Amino acid sequence: MNITLKQARLLKGLTQKEVATKLGVHVHTYSKMEKCPDDVTVGDAKKISEILEFSYDFIFFNANSTFSRINNGNSTS
């Protein structure tokens, strides 16, 4: 089962504002993260994963992520 960042937040029962506050960012910044999770830094992804109590691989590196679709999960470096 793969879930999006928004779905993970909703499963935890938190609002965007609550997650943003715990993350230490403005709610608008967090909203952008939900819309474009592939642009989230690794550090923020780990913090969000701790807040939402899901593995960051589960949220950010699943079959629905842009990285996985474009590169078949392989690094281009």
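Please read all numbers here as calculations on a predicted model, not as lab measurements.

A. Inspection of the confidence of the model for the chain at higher detail. The pLDDT averaged across the chain works out to 81; a share of 77% of its residues lies at or above 70. Averaged pLDDT values over the elements of the chain bottom out at 42 in helix H6 (residues 66-71) and peak at 97 in helix H2 (residues 16-23). Per-residue pLDDT stays below 50 along residues 66-77; that stretch engages in 14 contacts with residues further than four places along the chain or on separate chains.

B. Structural view of the environment of valine 40. By the secondary structure assignment, valine 40 is in the loop between helix H3 (27-35) and helix H4 (42-52). Valine 40 sits in the buried class, given a relative accessible area of 15%. When the C-alpha positions of valine 40 and tyrosine 30 are compared, they lie 9.4 Å apart, and in sequence the two are 10 residues distant. Residue contacts for valine 40: discarding those within four places in its chain leaves Met33, Ala45, Ile48 and Phe60.

Reading the values: the criteria
- Residues numbered from 1 in each chain as written.
- Predicted model: local features only at pLDDT ≥ 70, side-chain atom pairs only at ≥ 80, totals over all residues.
- Heavy atoms only, no water.
- pLDDT = per-residue confidence, 0-100.
- Helix = DSSP H or I, 4+ residues; strand = E, 2+ residues; numbered from the N terminus.
- Contact = heavy atoms within 4.5 Å.
- Buried < 20%, exposed > 50% of the residue type's maximum accessible area, 1.4 Å probe, protein only.

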